[in-house]
Amino acid sequence: MAEILLVVDEIIAFMPEGNLPVPTGREVIEPTNTAIRHAKQVGIKIIKANDSHPENSIHFDTWPPHAIAGTPDAKPPVELLHDDDMTTLLKGTGPNEHGYSAFEGRSQDGTTLDDMVGEGDTIHIAGLVTEHCIMTAALDSASRGIKTRVLSDAIRPFNEQEAAAAIRKMEDAGVVFSSVSEFIATHPIPQ
Ligand SMILES: [Zn+2]
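Nothing here was measured: the structure is a model prediction, and the numbers come from that model.

1. Digging into the sheet that holds strand β1 (residues 3-8)
- Reading across from one edge, β3-β2-β1-β4-β5-β6 is the order of the six strands in this open sheet, with parallel pairing throughout. Each having just a single partner strand, β3 (87-91) and β6 (176-178) make up the two edges of the open sheet. Each strand of the sheet is rotated relative to its neighbour by a mean of 25°, with strand direction disregarded.
- Where β1 and strand β2 (residues 45-51) come together, five bridges link them in parallel fashion. Considered in β2, the bridge of V7 is made with K48.
- Across the sheet, helix α1 (residues 29-42) lies against β1, β2, β4 (122-128) and β5 (147-156), angled at about 140° from β5, the strand it touches most.

2. Concerning helix α4 (residues 160-172)
- With 13 residues, α4 extends 18 Å from end C-alpha to end C-alpha; this agrees with the ideal 18 Å at 1.5 Å per step.
- Taken residue by residue, α4 has A166, I167 and M170 as its buried positions. Each buried residue of α4 lies within a common arc of 105° when the element is viewed along its axis, so the set occupies one face. In this structure, α4 carries Q161, A165, R168 and D172 as exposed residues pointing more than 90 degrees from its buried face.
- Here the buried face of α4 lies against α3 (130-143), β5 and β6.
- Remark: G174 follows α4 within two positions and exhibits a positive phi of approximately 95°.

3. A closer look at the nonpolar core
- Judged by nonpolar contacts, the single largest core of 51 residues is most densely connected at L6, V8, I125 and I134.
- Per-element tally for this core: the top contributor is α3, with six residues.
- With residues near it in sequence (within four places) discarded, I125 still touches L6, V8, I134, A137, A138, V150 and L151.

4. Considerations on the environment of P65
- Relative to the assigned elements, P65 resides in the loop between β2 and β3.
- For P65, a count of 16 C-beta atoms within 10 Å corresponds to the partly exposed category.
- Excluding residues that lie within four positions of it along the chain, P65 makes contacts with N19 and F60.

5. Observations regarding the environment of T136
- One can find T136 in helix α3.
- Judged by local crowding, T136 falls into the buried class, with 21 C-beta atoms found within 10 Å.
- Residues in contact with T136, not counting those within four places in the same chain, are Y100 and S101.

6. Some details on the packing of α3 against α4
- Where α3 meets α4, the closest approach of the two axes is 10 Å, and the angle between their N-to-C directions is 5°. Comparing their axes, α4 and α3 come out roughly parallel. Residue-level contacts link T130, E131, M135, A138 and L139 of α3 to E162, A163, A166, K169 and M170 of α4.
- Considering only residue class, the contact of α3 with α4 consists of six nonpolar, one polar and three charged.

7. Points about the pairing of β5
- The buried fraction of β5 is high, at eight of 10 residues.
- Sheet topology places β4 next to β5; six bridges connect them, and they run parallel. Note that in β5 the partner of I123 across the bridge is T148.
- Taken together, β4, α3 and β5 form a β-α-β motif whose crossover is right-handed.
- Two strands pair when backbone bridges link them, and β5 and β6 are joined in this way by three bridges, in the parallel orientation. Within β6, the residue paired with V150 across the bridge is F177.
- Taken together, β5, α4 and β6 constitute a β-α-β crossover, and its handedness is right-handed.

Cut-offs applied
Numbering of residues begins from 1 in every chain and follows the order in which that chain's sequence is written. Only residues with pLDDT of at least 70 get local features here, since the model is predicted, and only at 80 or more are side-chain atom pairs given and counted; chain-wide, interface and lining totals rely on the full set of residues. At least two DSSP bridges between two strands are needed for those strands to be called paired. Only DSSP runs of H or I with at least four residues qualify as helices, and only runs of E with at least two residues qualify as strands; both kinds are numbered from the N terminus onward. For helices, the fitted axis covers only the stretch in contact; all axes are lines through C-alpha atoms, and the angles between them, taken along N-to-C directions, range from 0 to 180 degrees. Residues are scored as being in contact if the C-beta atoms we place from backbone atoms lie within 7 Å. An expected span of 1.5 Å times one less than the residue number is assigned to each helix. For the exposure call, what matters is how many other C-beta atoms sit within 10 Å of a residue's own: 20 or more marks it buried, 12 or fewer exposed, and in between partly exposed, using C-beta atoms placed from the backbone. Comment: arc refers to directions from the helix axis out to C-beta atoms. By convention in this section, buried Ala, Val, Leu, Ile, Met, Phe, Trp, Tyr and Cys residues joined through C-beta atoms within 7 Å make up a nonpolar core. Note on angle classes: values under 35 degrees are labelled roughly parallel, values over 145 roughly antiparallel, values of 65 to 115 roughly perpendicular, and the remainder oblique. For this classification, the nonpolar set comprises Ala, Val, Leu, Ile, Met, Phe, Trp, Tyr, Cys and Pro, the charged set comprises Asp, Glu, Lys and Arg, and every other residue, Gly included, is treated as polar. Handedness rule for crossovers: strands pointing away from the viewer, path from the first strand over the helix to the second running clockwise, crossover right-handed.

Quick look at the structure:
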């Protein structure tokens, strides 16, 4: 059974200094790094799914321009752990794509999440933004029969009220919320 740690949209665009800022966005980095370090120790694959939009994206009819491909806004903050074992999927890359869901993302060689996980597998999700791309990824994951767990202390919202409604919707779909320390406790390092 495959098990994946999915890090969603931890890029400059959604940091306080970015073009679509989550005021508390930077707070996801430390718990995400903790989860990444542990995932590596227990052999859980780490996948990042990041917005990377063209300038003429229809997405910008809804949102201020952000995460334009090739600009610093589309890059992860330097504090976020990264190495060559991790796969990055880019989403929203076509002019007619919103790219809310990590399942729409593709790696450089065309790999998608559906190539890596399916029914009965497990995904742990961290990142931004709770009531948008976290919710979309979690609902798409749960609808595929994937055991879907959101790392509750490694997500942040634009809006607390909308996030609370989003969390109820995810829970109704069978998504489980638990902390990074619970993730660590339930995945002991092999002796
Ligand atoms: Zn976007």
